[in-house]
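Working through the structure, step by step
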Amino acid sequence: MTENLHAELDEIGAVAQRHLARHEPVTDPKWPGDARIAVNFTADFDAMLLRRLMNEPPMQLAKGEFGGRVGIWRLIELFDSHDVQATIFTPGRICELYPRAVAAAAQSGHEVTDHMWEHRVPKEPELERDHLSRSTEALERLTGKRGVGTRSGHSHGLLRELGYIYRSNGSASHRPHYLRDPDGSNVLINLPFHYSIDDAMFYSFAWMGTPVAAQRISDPERVMELWWEAFLQQHAQGGGYLNICLHPFVSGRAQRVLMLDRLIRRMKEKGGVWFPSCEAVARHCIAVQPPAGGWN
Ligand SMILES: [Zn+2]
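Residues numbered from 1 in each chain as written. Predicted model: local features only at pLDDT ≥ 70, side-chain atom pairs only at ≥ 80, totals over all residues.

1. Points about the packing of helix α9 (residues 220-237) against helix α11 (residues 254-270)
- Remark: α9 packs on α11, axes separated minimally by 10 Å, with the N-to-C direction vectors making an angle of 25°. The angle between α9 and α11 falls in the class roughly parallel. Between α9 and α11 lies a crossing of right-handed hand. Within the contact between the two elements, α9 uses Pro220, Val223, Met224, Trp227, Trp228, Phe231 and His235 and α11 uses Gln255, Arg256, Met259, Arg262, Leu263, Arg266, Met267 and Lys270. (Axes fitted to C-alpha atoms, helices over the stretch in contact; angles between N-to-C directions. Helix = DSSP H or I, 4+ residues; strand = E, 2+ residues; numbered from the N terminus. Parallel < 35°, antiparallel > 145°, perpendicular 65-115°, else oblique. Left-handed = near helix turned anticlockwise from the far one by under 90°. Contact = placed C-beta atoms within 7 Å.)

2. Some words on the UniProt feature "domain: NodB homology" (unreviewed entry) in the chain
- Sequence positions flagged by UniProt for "domain: NodB homology" (unreviewed entry) are, in local numbering, residues 73-150.
- Along residues 73-150, the helical share is 53% and the strand share 13%, with 21 Å between the first and last C-alpha atoms. (UniProt positions renumbered as here; feature names shortened; annotations may be inferred.)

3. Describing the nonpolar core
- Ranked by internal contacts, the top residues of the largest apolar core, which has 67 residues, are Ile37, Ala38, Val39, Phe41, Val102 and Ile244.
- Residue contacts for Ala38: discarding those within four places in its chain leaves Trp31, Tyr241, Trp274, Pro276 and Val281. (Core = buried A, V, L, I, M, F, W, Y, C linked by C-beta atoms within 7 Å. Buried ≥ 20, exposed ≤ 12 C-beta atoms within 10 Å, placed from the backbone.)

4. Focus: the pairing of strand β9 (residues 240-246)
- Buried residues dominate β9, accounting for seven of its seven residues.
- Residues Gly240, Leu242, Ile244 and Leu246 of β9 are buried on one face, and the alternating residues Tyr241, Asn243 and Cys245, pointing to the opposite face, are buried as well.
- Relative to β9, strand β2 (residues 37-44) is paired through seven bridges, and the arrangement is parallel. Of the residues in β9, the one forming a bridge with Ala43 is Leu246. (Pairing = 2+ DSSP bridges.)

5. Description of helix α1 (residues 2-22)
- Spanning 21 residues, α1 covers 30 Å between terminal C-alpha atoms, matching the ideal 30 Å at 1.5 Å per step.
- In terms of burial, α1 is largely open, as just zero of its 21 residues are buried. (Expected span 1.5 Å × (residues − 1).)

6. Things to note about the environment of Gly170
- Following the sequence through the fold, Gly170 ends up in the loop between β6 (166-167) and β7 (177-179).
- Residue Gly170 is classed as partly exposed on the basis of its 15 C-beta neighbours within 10 Å.
- Taking the C-alpha atoms as reference, Gly170 lies 9.6 Å from Gly153; in sequence the two are 17 residues apart.
- When sequence neighbours within four positions are dropped, the list of residues in contact with Gly170 reads Asn190 and Pro192.

7. Overview of unusual backbone geometry
- For Lys30, which is not glycine, the phi torsion reads 45° and is therefore positive.
- Of note in this structure, Met116 is not a glycine but carries a positive phi near 75°.
- Judged by local crowding, Met116 falls into the buried class, with 25 C-beta atoms found within 10 Å.

8. Re the environment of Asp28
- Structurally, Asp28 is set in the loop between β1 (23-25) and β2.
- Since 11 C-beta atoms lie within 10 Å of it, Asp28 is described here as exposed.
- Sequence separation between Asp28 and Asp46 is 18 residues; the distance between their C-alpha atoms is 33 Å.

9. Quick look at helix α3 (residues 58-81)
- Here α3 contains 24 residues, and its C-alpha end-to-end distance of 34 Å stays within 8% of the 34 Å for a straight helix at 1.5 Å per residue.
- The sharpest bend along α3 measures roughly 45° and falls at Val70.
- Every buried residue of α3 is accounted for by Gly64, Gly67, Gly68, Gly71, Ile72, Leu75, Ile76, Leu78 and Phe79.
- Phi for Asp83, located one or two positions after α3, is positive at around 55°. (Bend = angle between axes of the 7 residues up to and from the residue.)

Below, the structure written as structure tokens:
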């Protein structure tokens, strides 16, 4: 019994060591000017692609389509009205489905970058390379700019080879942090988010064929208060970071756009906020605190 316990503790210790070797926090990001917090508004422009992959019924697909026809335009308009530079993570295939929206977001100065080719990362290495290359090139053709960030689980080696410097997924920290392959290679900076700051967690119902009866549509005011408190906590600490994960088919609904408008106004009134793109945050962190283990 005791021996087993020791073996288990050793294994847990080894996992913790491997985790430490792979993760390196940006301890003091020193945001520009008097900013106490950087707020990234990120929008995953999935439209119906994820829903198609999951073979969802037509009514659910239609909810996704709303994001492409209406939601994305409302979000672009909202961010433009506040001079907020947002980051739109989008599957490359959206360039075929909603080219005008993708181009308009880029023309407004927002960052538009990879969210996989069709919302999945193939297991076969050659197919994975094909997907990421297609997505990168399709977005570059429409936006005129090559993306350097992704919200995906693509392998770091491939991402680095194609010029990517950051990713945005996972919840391993509340601040930007470097993340490496287990052998110490292929470092990328990660801009984490958390499902508690993700619109889909609050506003989805009957999605993904859920049997969870507790799934409800939340009151936007309640969601605003939760996100506002997360903002306040990070603002008070200084060097804070908040990545607000939106989906045009979710937050593009009228009453939710209005809530975001009120939230951004409130943040501006508080002061000391930086609203950059994810790329700007990534480049800033890399300049302030390059990865200790080198850029390899
Ligand atoms: Zn997505």
